[in-house]
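# Commentary on secondary and tertiary structure
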Amino acid sequence: MIPFGTTRDGEETHRFTLQGGPGSRVELSDYGATLVRWFAPDRRGRSEDVVLGFDSVAGYVGHHSYFGATVGRYGNRIAQGRFSLDGKVHVLAANNQPGGIPCHLHGGRSGFDKRLWAADEQTVDGRPAVRFRLRSPEGDEGYPGTLDVDVTYSIGNDGALRIDYEATTDRATPINLTNHSYFNLVGEGHESVLGHIVTIQASRYLPVSAGMIPTGKLAPVDDTPFDFRAPARIGDRIEHRNEQLRLSEGYDHTFVLEPRPTSEPTLAATVYEPISGRLLEVFTTEPGVQFYTGNFLDGTSVGKSGRPYPRRSGFCLETQHFPDSPHQPAFPSTILRPGMMFRSTTIYRLGIR
Ligand code: GLA
């Protein structure tokens with residue numbers, strides 16, 4: 001554990017290193033329970049950092065791209081920034097307004113990505129691990145109940161980074177935890193991910209309305225640029241004249257994973273990058289994955305290696321429940337009640353082909 005800088009509130013943050021197999025190393029911070037760096041070898045054995053981020057906490061404070069962060073209480077959007085639960089209306093921060101339409105995004109103005117988590121270095125099933133813990137108090141960003149959250153990152157020597165989430169509450173609350181890592185499998189700071197080849201195990205996706213809230217429809221991907229059942233380059237169809245791609249300026253949609261529910265993480269997506277030969281596989285217990293192509297990056301943030309992060313220089317595969325579930329009774333429930341244990345696991349595995 002080494003210092004990672006001091007926040008504006010004078011909190012001291014730290015950085016932790018987990019050593020994986022040859023050429024594989026992960027760095028994490030207790031600020032936002034964030035994945036800061038992930039070095040992985042390419043097909044010639046050259047190790048590079050393949051996630052976007054900053055080299056100290058200063059970069060993350062006041063920044064709103066959620067690089068590598070743990071996102072909560074509720075990942076993605078809740079329409080109008082309010083919901084009712086058990087007959088009571090709860091008002092959340094409306095911290096985002098796509099198309100001028102306000103909504104709540106990624107837990108609010110100061111979500112879990114902006115908190116200092118308690119951290120313990122551990123070994124889990126023989127794998128080096130860091131366990132982060134956070135207490136989100138009653139009323140936090142408008143959410144009901146005191147929520148205790150646990151996020152454990154562990155790395156194997158097979159290139160797999162496993163993220164286990166657990167949470168309990170003393171009052172019913174919505175919860176939707178995810179990791180918001182942006183990958184560039186050539187190496188972070190490389191200008192584009194359009195050449196990456198993506199497969200997603202989904203025959204349906206969630207179309208959104210003008211405010212980027214799901215319409216409630218589970219639409220078939222057939223004959224659309226959202227069909228990634230067979231491998232396709234990100235760049236091949238991203239500029240297609242398609243109303244959904246236009247609304248979000250690229251891919252920024254939830255894909256419906258099948259078969260679900262699962263208690264064991266199953267394959268959700270793979271991404272292959274032909275220059276480096278790196279292959280990312282994503283396994284999860286979650287029912288959805290948000291595929292986001294860095295449409296809102298604009299080159300103004302300069303990353304850890306001193307290079308800017310322009311539009312589409314990273315992609316995210318945020319494993320999660322569906323956005324706006326508190327307003328959509330037909331979506332899988334995101335309500336956690338007292339006495340229940342929230343559990344979720346996602347594995348990102350980096351290899352070569
Ligand atoms: C998610 C959202 C996007 C955007 C990013 C962060 O992927 O769906 O619309 O807010 O997070 O910039």
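A brief look at the structure comes next. Bear in mind the structure is a predicted one, so any value in this text is a computation, not a measurement.

With respect to the helices and strands, Arg77 occurs in strand β7 (residues 77-79). Sequence separation between Arg77 and Ala94 is 17 residues, and the spatial gap between their C-alpha atoms is 9.7 Å. Discounting chain neighbours no more than four positions away, the residues touching Arg77 are Asn96, Pro98, Cys103, His104, Leu105, Gly211, Met212, Ile213, Asp252, Pro323 and Asp324. Of note is the side chain of Arg77, whose polar atom sits 2.9 Å from the side chain of Asn96.

The next point concerns the site of the ligand. In the neighbourhood of the ligand, 13 residues make up the surrounding shell, with Arg77, His106, His180, Asp252 and Glu318 lying closest. Separating an oxygen atom of the ligand from a side-chain N or O atom of Arg77 is a distance of 2.8 Å. One of the side-chain N or O atoms of Asp252 is found 2.4 Å from an oxygen atom in the ligand. Notes on the ligand: free accessible area 300 Å², of which the protein chains cover 95%. Judged by its atoms lying within 2 Å of the grid points, the ligand is housed in the largest pocket. Looking at the shell around the ligand, its residues break down into six nonpolar, four polar and three charged.

To continue, consider the pairing of strand β9 (residues 88-91). Where strand β8 (residues 82-85) and β9 come together, four bridges link them in antiparallel fashion. When the sheet's bridge partners are listed, Arg82 is paired in β9 with Val91. Joining the antiparallel neighbours β8 and β9 is a turn of two residues, in which Asp86 adopts a positive phi near 50 degrees.

The strand order β11-β12-β13-β14-β27-β23-β22-β17-β20 describes an open sheet built from nine strands, whose pairing is antiparallel. Each edge of the open sheet carries a strand with a single partner, namely β11 (118-124) and β20 (232-233). Alignment of strand β14 (residues 160-169) against strand β27 (residues 342-352), held across eight bridges, turns out to be antiparallel. The residue bridging Ala167 from the neighbouring strand is Phe342, located in β27.

Before going further, it helps to examine the nonpolar core. Counting residues in hydrophobic clusters, the biggest one holds 57 residues, and the most contacted among them are Trp38, Phe291 and Phe315. By residue number, the principal contributor to this core is strand β13 (residues 147-155), which donates five residues. Ignoring sequence-local partners within four residues, the contact set of Phe315 consists of Ser181, Tyr182, Phe183, Leu185, Val193, His196, Ile234, Val271, Leu280, Phe291, Tyr292 and Thr293. Counting 14 residues, the second-largest nonpolar core is a separate cluster that includes Phe4, Leu52, Val57 and Tyr60.

Sheet topology places strand β1 (residues 2-6) next to strand β2 (residues 12-19); four bridges connect them, and they run antiparallel. Looking at β2, one finds that Ile2 is bridged to Arg15. If you look at the hairpin formed by β1 and β2, you'll find five residues sitting between the two strands, and Gly10 has a positive phi there, around 80 degrees. Of the strand pairs in this sheet, β2 and strand β3 (residues 25-29) are connected by five bridges, and their pairing is antiparallel. Its bridge partner being in β3, Phe16 is matched across the sheet by Leu28.

So, on to the packing of aromatic side chains. Note on aromatic pairs: each is described by the distance of the centres and the angle between the planes. Counted according to the given criterion, the structure contains 24 aromatic pairs. Ring centres of Phe112 and Trp117 lie 6.0 Å apart, and the angle between their planes is 85 degrees; this geometry places the pair in the edge-to-face category. For the pair shown, Phe112 and Trp117 are each scored as buried. Centre to centre, the rings of Phe228 and Phe255 are 6.3 Å apart; their planes meet at 65 degrees, and the pair counts as edge-to-face. Residue Phe228 is located in the loop between β19 (219-220) and β20, and its partner Phe255 is located in strand β21 (residues 252-256); the two are separated by 27 residues in the primary sequence. The structure contains a cluster of three or more aromatic residues connected by ring pairs, namely Phe4, Phe54, Tyr60, Phe67, Tyr182, Tyr292, Phe296 and Tyr309. It is Arg237 that lies over the ring of Phe228; its NZ or CZ is 4.9 Å from the centre. Sitting over the face of the ring of Tyr272, Arg353 holds its NZ or CZ atom 4.9 Å from the ring centroid.

Rolled over the atoms, a probe sized like a water molecule indicates the empty space that remains. One number sums up the size of the largest pocket: a volume of about 370 Å³. As for the largest pocket, its lining consists of 23 residues, and the residues nearest its centre are His64, Tyr66, Asn96, Leu105 and Phe296. One number sums up the size of the second largest pocket: a volume of about 310 Å³. Glu286, His321, Ser333, Phe342 and Arg343 are, among the 18 residues lining the second largest pocket, the residues nearest its centre. Among the secondary structure elements, those contributing two or more residues to the lining of the second largest pocket are β26 (335-336) and β27. Along the lines of polarity and charge, the residues of the lining of the second largest pocket split into nine nonpolar, six polar and three charged.

What counts, and at which threshold
Residues numbered from 1 in each chain as written. Predicted model: local features only at pLDDT ≥ 70, side-chain atom pairs only at ≥ 80, totals over all residues. Heavy atoms only, no water. Helix = DSSP H or I, 4+ residues; strand = E, 2+ residues; numbered from the N terminus. Contact = heavy atoms within 4.5 Å. Polar contact = N/O pair within 3.5 Å; in protein donor to acceptor, adjacent residues only side chain to side chain. Near = heavy atom within 4 Å. Areas by Shrake-Rupley, 256 points an atom, 1.4 Å probe, with all protein chains shown as cover. 1 Å grid on protein atoms, 1.4 Å probe; cavity = no way out; pocket = protein on both sides within 12 Å on 5 of 7 lines; lining within 4 Å. Sits in = over half its atoms within 2 Å of the grid points. Nonpolar A, V, L, I, M, F, W, Y, C, P; charged D, E, K, R; others polar. Pairing = 2+ DSSP bridges. Core = buried A, V, L, I, M, F, W, Y, C linked by side-chain atoms within 4.5 Å. Buried < 20%, exposed > 50% of the residue type's maximum accessible area, 1.4 Å probe, protein only. Phe/Tyr/Trp six-rings, centres within 6.5 Å; stacked < 30°, edge-to-face > 60°. Lys NZ or Arg CZ within 6 Å of the ring centre and 35° of its normal. Points joined across faces, edges and corners; volume = space filled by probe spheres on them.

Interpretation in functional terms is not warranted from these geometric data alone.
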